[in-house]
Amino acid sequence: EPEDVLEADMYRRLAADLRSNGKLAIADLTGSPLRAALEGGLELLKISHEELVREGYAASDSLPDLIDGARRLHAAGARHVLVSRAASPAILISATEGSAELELAGPVFEALDERGTGDSLFAATGVGLARGMSMIDALRLGMAAGALNATRRGLGTGTRDEIERLGAHVTVRA
């Protein structure tokens, strides 16, 4: 942000170029950069439930509306769509699970500072994918990083060992 720092078409070109070269393109975007990146094609799009409603993809923050909104983004060019929902379980529209709707629930902690939990989730998921993990395993790592981040003051302060141990406690269900 702000949205006009980079030309929106740069996101389309970047996503398309990454895909053309056998690399994964993942994004956490809104507005015209999101629309452009979807045109280029994304392996994973992470978006919050508030952003999904604000951007007009979902009519409300009800679970059926959020799922419909995520499906629209999937159809628009994101192979997997992860909708983060603050303390509620995240929603995943997964192309590798037969276009299934999955719910990912991390461990529940009393939050000390919620800032940066979505960023930690997204960054750790990217690390997992870069390591060659499956989408589900990478998202388990991401959910754990986000949950751990909320328990601390200071962004991204969890250690690799703590995050990996916590990832075993993330549940995935239809």
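None of the values given here were measured: they were computed from a predicted structure.

What follows covers the nonpolar core. Of all hydrophobic cores here, the largest spans 22 residues; its most connected members are L34, L38, L42, L45, L52, L73 and V81. Of all the secondary structure elements, the ones that give two or more residues to this core are helix 2 (31–40), strand 2 (42–48), helix 4 (63–76), strand 3 (78–85) and strand 4 (88–94). Among the elements that take part in this core, helix 4 stands out by supplying four residues, more than any other. Aside from chain neighbours lying at most four places away, what touches L42 is A15, R19, A25, I26, A27, A37, G77, A78 and R79. Core analysis: the next-biggest nonpolar cluster, separate from the first, contains 21 residues, A90, L92, A145 and I163 among them.

What follows is about unusual backbone geometry. Generally, phi is negative for residues other than glycine and the peptide bonds are trans, each holding for most cases. A positive phi angle, near 55°, is found at A86, a position not held by glycine. Relative to the helices and strands, A86 resides in the loop between strand 3 and strand 4.

Taken together, six strands build an open sheet; the order of strands is 1-2-3-4-5-6 and the sheet is mixed. The strands lining the two open edges of the sheet, one partner per strand, are strand 1 (26–27) and strand 6 (171–173). Contacting strand 2 and strand 3, helix 2 runs over the sheet at an angle of about 155° to strand 2. Along the sheet face, helix 6 (residues 135–149) touches strand 2, strand 3, strand 4, strand 5 (100–105) and strand 6 and points at about 30° away from the line of strand 5.

Reading the values: the criteria
- Residues numbered from 1 in each chain as written.
- Predicted model: local features only at pLDDT ≥ 70, side-chain atom pairs only at ≥ 80, totals over all residues.
- Heavy atoms only, no water.
- Core = buried A, V, L, I, M, F, W, Y, C linked by side-chain atoms within 4.5 Å.
- Buried < 20%, exposed > 50% of the residue type's maximum accessible area, 1.4 Å probe, protein only.
- Helix = DSSP H or I, 4+ residues; strand = E, 2+ residues; numbered from the N terminus.
- Contact = heavy atoms within 4.5 Å.
- Pairing = 2+ DSSP bridges.
- Axes fitted to C-alpha atoms, helices over the stretch in contact; angles between N-to-C directions.

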